[in-house]
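# Inside the fold
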Amino acid sequence: MVAELGSFSDAAAAMGISQSAASRSILSLETELQCALFARHGHSVKPTRQGEILLFRAKRAREQLRRAASDFGEARAEIVFGDMMNASDHEFRASIAVYNHATVSQAALSLGVKQPSISRSLSNLELRLKQALFERRIFELRATQIGRKLVVRFKLMFRELDQAREEIRLNLGDRKGQVVLGCLPLTHARLVPDAIDALILEYPDINVRVIDGNFLSLFAMLMHGELDILVGTLRNPLPEGTGAEFLLSDKVSIVVRPEHPLARQDIVTFKECLEYDWVLPSLVAPLRQFFNEVLKSYGFAPPERYTEVDSIIVGRSLLYMSDRIAILSYFQVEQEVRWGRLVTLPLPLPNAGRKVGILTKADYLPTPLVVAFIEALKTVAKQMQQDAIADGH
């Protein structure tokens, strides 16, 4: 309101509070952020550059609450939005903590407060919204349908405000910050590690948090605002509400240890390969589906003897110590192939058509640090593609 009206007194009047209360609110923010948010120009005030950064992100954060209020229906939306704008951080954070941990005791522990504080904040929010957000069960609290939707919006709201703090620090010359990314197995070996190294060379004080897992768990974190980006095989079609940036095309190989009997042959057939045990990705993985389709096109059923592994580290270890065969992305094992620890079999495979890239929420606006990391990913991906061509893959 101060930015919109250009005056503390006008903003205070519009909000129904005293001018001193409005001034204290802005001073509290300036103290927390350690910078001036407004500068005086005659009888009016205008946002500083730091004020503009906060204002932009604050509007995006407020929009998350407006979207949350729309879930209450058109008749109640505006009233609920006003009630949310009057809620405290404690109420929002308590609902997020209970959602994440399912019990009041664990929620309190995660926030470093007493259990009655969590219960009181949650009750206040439910009374304010005239809506139960959690079902009370014997050992846990489980979010209602509307409770789940609201908590996601609350998380996204706080994420915008966290990004505002980071961008303000960067603008003031403090190059500290954090990038949080989800990392699917195909990107573990080179793409993500090399990009992290490049980023840290440019921003030595930055922290990078890498979370690996399966697509469904990481996708949920991405949509909840708990990840900046998700790096891995892009799904086709893209999930609703997401955007993507292509990095490189995957190349699939059949891989064994150098001592494997088939490694000595110039020509290898699927029939011969299916006589051995296999190391395969999980059934829902795109690579597993591709493999099954290739076998079907040649008239073969999937292997009956296999070990299902999503960890490339475990998969490589199984190959080193046995005559198992694996279907893997060449980018997952290119270093091992160069070092002679693994070899690719001369078994022709059709183009997998798998695209590796960056998945984001459709309305996500990255911080400068995330933008720098995305540029590092692009540079590494270009080099990987060139190296694969040079290697004959």
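Throughout what follows, the structure given in this document is the object of discussion. (Residues numbered from 1 in each chain as written. Predicted model: local features only at pLDDT ≥ 70, side-chain atom pairs only at ≥ 80, totals over all residues. Heavy atoms only, no water.)

### Brief notes about the overall build of the protein chain
Heads up, the rule is: Only DSSP runs of H or I with at least four residues qualify as helices, and only runs of E with at least two residues qualify as strands; both kinds are numbered from the N terminus onward. Working definition: with a 1.4 Å probe on protein chains only, accessible area under 20% of the residue-type maximum means buried, over 50% means exposed, and in between means partly exposed. Should any heavy atoms of two residues lie within 4.5 Å, those residues are considered in contact. Computed with a 1.4 Å probe, the accessible areas rest on the Shrake-Rupley method; for each residue, only the protein chains presented here act as cover. Think of it this way: Lys and Arg go in the positive column, Asp and Glu in the negative one, and His and the chain ends go nowhere. One atom stands in for each charge, and that atom is NZ of Lys, CZ of Arg, CG of Asp or CD of Glu.
In terms of regular secondary structure, the protein chain is built from 16 helices and 14 strands. In terms of its C-alpha atoms, the protein chain occupies a principal-axis envelope of roughly 85 × 50 × 35 Å. Each of the 393 residues in the protein chain was classed as buried or not, and the buried ones make up 45%. The contacts in the protein chain between residues at least 6 apart in sequence include a share of 71% that link residues at least 24 apart. Counting every atom, the protein chain has about 20,400 Å² of accessible surface; 52% of that belongs to carbon and sulfur. A distance of 4 Å separates the average location of the 47 positive side-chain charges in the protein chain from that of its 46 negative side-chain charges.

### Observations regarding the packing of helix H4 (residues 49-70) against helix H9 (residues 145-171)
Going by this rule: Axis definition: a line fitted to C-alpha atoms, limited for helices to the stretch in contact. Angles are taken between N-to-C directions and run from 0 to 180 degrees. Orientation is classified from the angle alone, with under 35 degrees giving roughly parallel, over 145 giving roughly antiparallel, 65 to 115 giving roughly perpendicular, and any other angle giving oblique.
Running from amino to carboxyl end, H4 crosses H9 at an angle of 175°, the nearest separation of the two axes being 8 Å. The angle between H4 and H9 places the two elements in the roughly antiparallel class. Contact with H4, carried on its side by Arg49, Gln50, Ile53, Leu54, Arg57, Ala58, Arg60, Ala61, Gln64, Leu65, Arg67 and Ala68, involves Leu150, Arg153, Phe154, Leu156, Met157, Glu160, Leu161, Gln163, Ala164, Glu167, Ile168 and Asn171 of H9 and no other residues of that element.

### Here we look at a nonpolar patch on the surface
Note the threshold: Patch membership requires over 30% relative accessible area and the absence of a salt bridge. Like charges are linked within 9 Å, and nonpolar side chains (Val, Leu, Ile, Met, Phe, Trp, Tyr) within 5 Å. Here a salt bridge means any side-chain nitrogen of Lys or Arg lying within 4 Å of a carboxyl oxygen belonging to Asp or Glu.
A surface patch of nonpolar side chains, about 350 Å² in accessible area, is lined by Met1, Leu5, Met15 and Ile17. With respect to the helices and strands, Ile17 occurs in the loop between helix H2 (8-15) and helix H3 (19-33).

### Section: helix H7 (residues 104-111)
In plain terms, the rule: Each C-beta atom gives one direction from the helix axis, and the arc is the one those directions make.
Those residues of H7 that fall on the buried side of the exposure criterion are Val104, Ala107 and Ala108. An end-on view of H7 places all buried positions within 100° of arc, on one side of the element. Taken from the residues just after H7, Gly112 is the one with a positive phi, measuring 70°.

### Thoughts on helix H13 (residues 286-297)
Convention followed: One less than the number of residues in a helix, times 1.5 Å, gives the span that helix is expected to have.
Its twelve residues give H13 an end-to-end C-alpha distance of 17 Å, which sits within 8% of 16 Å, the value for a rise of 1.5 Å per residue. As for H13, its buried residues are in contact with strand E9 (252-256), helix H12 (270-273), strand E10 (278-280), strand E11 (306-308) and strand E12 (325-329). Just past H13, the residue Gly299 takes up positive phi, approximately 85°.

### Some thoughts on the pattern of salt bridges
A full pass over the atoms with the stated rule returns 26 salt bridges. The shortest N-O distance in the salt bridge between Arg136 and Glu126 comes to 3.0 Å. Here Glu126 lies in helix H8 (residues 115-129) and Arg136 lies in strand E3 (residues 134-136), a separation of ten residues in the sequence. Arg136 sits in the partly exposed class, given a relative accessible area of 48%. Residue classification places Glu126 among the buried positions, given a relative accessible area of 11%. A salt bridge links Glu135 to Arg137; the shortest N-O distance between them is 3.0 Å. According to the relative accessible area criterion, Glu135 is partly exposed, its value standing at 36%. Relative accessible area serves as the criterion here: at 43%, Arg137 is assigned to the partly exposed category. Linked through salt bridges whose partners overlap, the residues forming this network are Arg190, Asp194, Glu334, Arg338 and Asp387.

### Looking at the pairing of E9
Filter applied, for reference: If DSSP finds at least two bridges between two strands, the strands pair.
Buried residues dominate E9, accounting for five of its five residues. Residues of E9 alternate between two faces, with Val252, Ile254 and Val256 on one and Ser253 and Val255 on the opposite face, all of them buried. As defined by bridge partners, E9 adjoins E12 across four bridges and the pair is classed as antiparallel. Paired with Ser253 across the two strands is Leu328, which belongs to E12. Of the pairings in the sheet, the one linking E9 to strand E13 (residues 343-344) comprises two bridges and is antiparallel in character. Of the residues in E13, the one forming a bridge with Val255 is Thr344.

### With respect to the packing of aromatic side chains
Two descriptors summarise a pair of aromatic rings, namely the distance from one centre to the other and the angle between the planes of the rings. What counts here: Aromatic pairs are defined between Phe, Tyr and Trp rings, using the six-membered ring for Trp, whenever the two ring centres lie within 6.5 Å; interplanar angles under 30 degrees are classed as stacked, those over 60 as edge-to-face, and all others as tilted. Only when the NZ of Lys or the CZ of Arg is both within 6 Å of the ring centre and within 35 degrees of the ring normal is a charge said to sit over the ring.
Applying the stated criterion to the full structure yields seven aromatic pairs. Arranged with centres 6.1 Å apart and planes meeting at 70°, the rings of Phe8 and Phe38 form a pair that is edge-to-face. Of the two residues, Phe8 is situated in helix H2 and Phe38 in strand E1 (residues 38-41); the sequence distance between them amounts to 30 residues. With respect to burial, Phe8 and Phe38 carry one shared label: buried. Ring geometry for Trp278 versus Phe291: centroids 4.9 Å apart, planes at 40°, classification tilted. In this pair, Trp278 sits in strand E10 while Phe291 sits in helix H13, placing the two residues 13 residues apart along the sequence. Exposure remark for Phe291: the relative accessible area of 1% places this residue in the buried category. Put simply, the rings of Phe92, Phe154 and Phe158 pair up and form one aromatic cluster. Lying across the ring of Phe81, Arg66 places its NZ or CZ 3.9 Å from the centre. The ring of Tyr306 carries Arg288 above its face, with NZ or CZ at 4.8 Å from the centroid.

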